[in-house]
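Architecture and fold: a report
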Amino acid sequence: MTHDPRSPLDAAALRAALPRWRRVLAVESTGSTNADVTRMAAEGAPDRIAVVASEQTAGRGRLSRSWTAPAGASLAVSALFRPEGVPAEDLGLLSLVAGLAVVDMVRDATGVLDDDAVARPEVGLKWPNDVLLGGRKLCGILVEAASIAPPALVVGIGVNVDLREDELPVPHATSLALAGASNLDRTKLAAALLDALDRRERQWRFDREAMMADYRATCLTLGTRVRVELPGGGELAGEAVDILDDGELVVRDDAGENRAVTAGDVRHLRAVDGGYAGEAAK
């Protein structure tokens, strides 16, 4: 029987697949999974609890941008981590961890990159944590702090699973279905995502060097001509040459000076006749 990708989540199967997680709540619709988990954190919920939803009616991305999709066509996951012993200045790296976990899920659980796939679109990260599949944005990631001391961080991830072209939130987005995924079962995808998030969070805490090496190997921004829109106005253009251990992007500007970027919106520029024009991925 063909699986309907927009069928309800299987809460029991999801919990059974994730023994490392203390609690996983599956719902069909909620306002915001991040808001749900933030509230649970304030009520004393422990490390590694998660909420998974088929639909968000008030989902948010970075800079308070809305993140919406038709019911059952996407996957919204929010997880609580309490990374004891991690310095406050390192907590921002968790957003990179989340991006790596989504890439792991795409590679391991969707079938998009199977050897027998008709096409094998490139998957990777645009700094800091935009997951690109075939050059188009697959998901939104928002990490929020419920508390800094002690740290309690909420990782929110929204993945486009079964959206058609006319349902995409922005023209440069994509979905697993549009990329040719053979697995669109949101229960299995959620289990794979939370499993990857668990493994990558542990790697962040206990083997930071390996985590950053994996991030650099996965980051499509490195070696690319970019334009960075900086917070507060202004922009920086040049080649992305490195990512520091604290997650900062290093851009070599047109004067040959290396400049570290802490935050900003990156555009990948595409080469045209020896110059650069347009944007390969927003």
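Everything quoted here is computed from the prediction, not taken from an experiment.

Structural notes on unusual backbone geometry
Geometrically, the link from Trp127 to Pro128 is a cis peptide bond, its omega value of 0 degrees lying close to zero. Looking at where Pro128 falls in the secondary structure, it is placed in the loop between strand S4 (123–126) and strand S5 (130–133). In this model, Ala149 is joined to Pro150 through a cis peptide bond whose omega is -5 degrees. Tracing the sequence through the fold places Pro150 in the loop between strand S7 (139–147) and strand S8 (152–160).

Focus: the sheet that holds S4
In spatial order, the strands read S4-S5-S6; together these three strands make up an open sheet with antiparallel pairing. Lying at the two open borders of the sheet, with one neighbouring strand each, are S4 and strand S6 (136–137). Pairing geometry for S4 and S5, over four bridges, is antiparallel. Bridge pairing in S5 links Lys126 to Asp130.

Let's talk about the pairing of S7
In this sheet, S8 lies alongside S7 in antiparallel orientation, the contact comprising eight bridges. Among the inter-strand pairings, Gly140 is bridged to a residue of S8, identified as Gly158. Count of turn residues in the S7/S8 antiparallel hairpin: four residues.

Side note on the sheet that holds S7
The strands making up a sheet associate through hydrogen bonds between their backbones, and the pairing can be parallel or antiparallel. If you trace the five strands from one edge of the open sheet to the other, you get S1-S2-S3-S8-S7, paired in mixed fashion. In this open sheet, the two strands that pair with only one neighbour each are strand S1 (23–30) and S7. Each strand of the sheet is rotated relative to its neighbour by a mean of 15 degrees, with strand direction disregarded. Looking at chain direction, S1 and strand S2 (residues 49–56) are connected through seven bridges and run parallel. Paired with Ser29 across the two strands is Glu55, which belongs to S2. Sitting on the sheet, helix H2 (residues 33–42) touches S1, S2, strand S3 (74–81), S7 and S8, and the angle it makes with S2 is about 155 degrees. Along the sheet, helix H4 (residues 186–206) makes contact with S1, S2, S3 and S8, crossing S3 at roughly 30 degrees.

Remarks on the pairing of strand S12 (residues 258–261)
In the case of a regular strand, side chains alternate between the two sheet surfaces. Two elements, strand S11 (residues 249–253) and S12, share four bridges in a ladder whose sense is antiparallel. Counted as the bridge partner of Leu249 is Val261 from S12.

Notes on the packing of helix H3 (residues 94–109) against helix H5 (residues 208–218)
Where H3 meets H5, the axes come as close as 10 Å, and the angle between the chain directions of the two elements is 65 degrees. The two elements H3 and H5 meet at a crossing, and its hand is left-handed. Facing H3, whose interface residues are Leu96, Val97, Leu100, Val103 and Arg107, H5 presents Met211, Met212, Asp214, Tyr215 and Thr218. In terms of residue class, the contact of H3 with H5 is built from seven nonpolar, one polar and two charged.

A look at the confidence of the model for the protein chain
Predicted coordinates in regions of low pLDDT should not be interpreted in detail. For the protein chain, per-residue confidence averages 90 on the pLDDT scale, and residues scoring 70 or more make up 89% of the total. Residue range residues 272–282 is modelled with pLDDT below 50. Its contacts to residues more than four positions away, or to other chains, number 29 contacts.

A few points about H2
Taken residue by residue, H2 has Thr33, Asn34, Asp36, Val37, Met40 and Ala41 as its buried positions. The arc that holds the buried residues of H2, viewed along the axis, is 160 degrees, so those residues lie on one side. Packed against the buried residues of H2 are S1, S2, S3, S7 and S8. For H2, the N-terminal cap is Ser32; the gap from its side-chain oxygen to the backbone nitrogen of Asn34 is 3.3 Å.

A word on the environment of Leu230
By the element assignment, Leu230 lies in the loop between strand S9 (225–229) and strand S10 (235–243). C-alpha separation for the pair Leu230 and Ala263, spaced 33 residues apart in sequence, amounts to 6.8 Å. Leave out the neighbours within four places in its chain, and Leu230 touches Glu235, Leu236, Val261 and Ala263.

Digging into the pattern of salt bridges
Applying the stated criterion across every chain yields a total of 24 salt bridges. We note a salt bridge from Arg48 to Asp198, for which the minimum N-O separation is 2.6 Å. Remark: Asp198 occurs in helix H4 and Arg48 occurs in the loop between H2 and S2; sequence separation between them is 150 residues. For Arg48, a relative accessible area of 2% gives the class buried. We note a salt bridge from Arg200 to Asp104, for which the minimum N-O separation is 2.7 Å.

Considerations on the nonpolar core
Of all hydrophobic cores here, the largest spans 65 residues; its most connected members are Ile157, Val159, Leu176 and Leu194. Ranked by size, the runner-up nonpolar core spans nine residues in total, among them Ala41, Ile49, Val51 and Ala152.

Reading guide: rules and limits
Residues numbered from 1 in each chain as written. Predicted model: local features only at pLDDT ≥ 70, side-chain atom pairs only at ≥ 80, totals over all residues. Heavy atoms only, no water. Helix = DSSP H or I, 4+ residues; strand = E, 2+ residues; numbered from the N terminus. Pairing = 2+ DSSP bridges. Axes fitted to C-alpha atoms, helices over the stretch in contact; angles between N-to-C directions. Contact = heavy atoms within 4.5 Å. Left-handed = near helix turned anticlockwise from the far one by under 90°. Nonpolar A, V, L, I, M, F, W, Y, C, P; charged D, E, K, R; others polar. pLDDT = per-residue confidence, 0-100. Buried < 20%, exposed > 50% of the residue type's maximum accessible area, 1.4 Å probe, protein only. Arc of directions from axis to C-beta. Polar contact = N/O pair within 3.5 Å; in protein donor to acceptor, adjacent residues only side chain to side chain. Salt bridge = Lys/Arg side-chain N within 4 Å of Asp/Glu carboxyl O. Core = buried A, V, L, I, M, F, W, Y, C linked by side-chain atoms within 4.5 Å.

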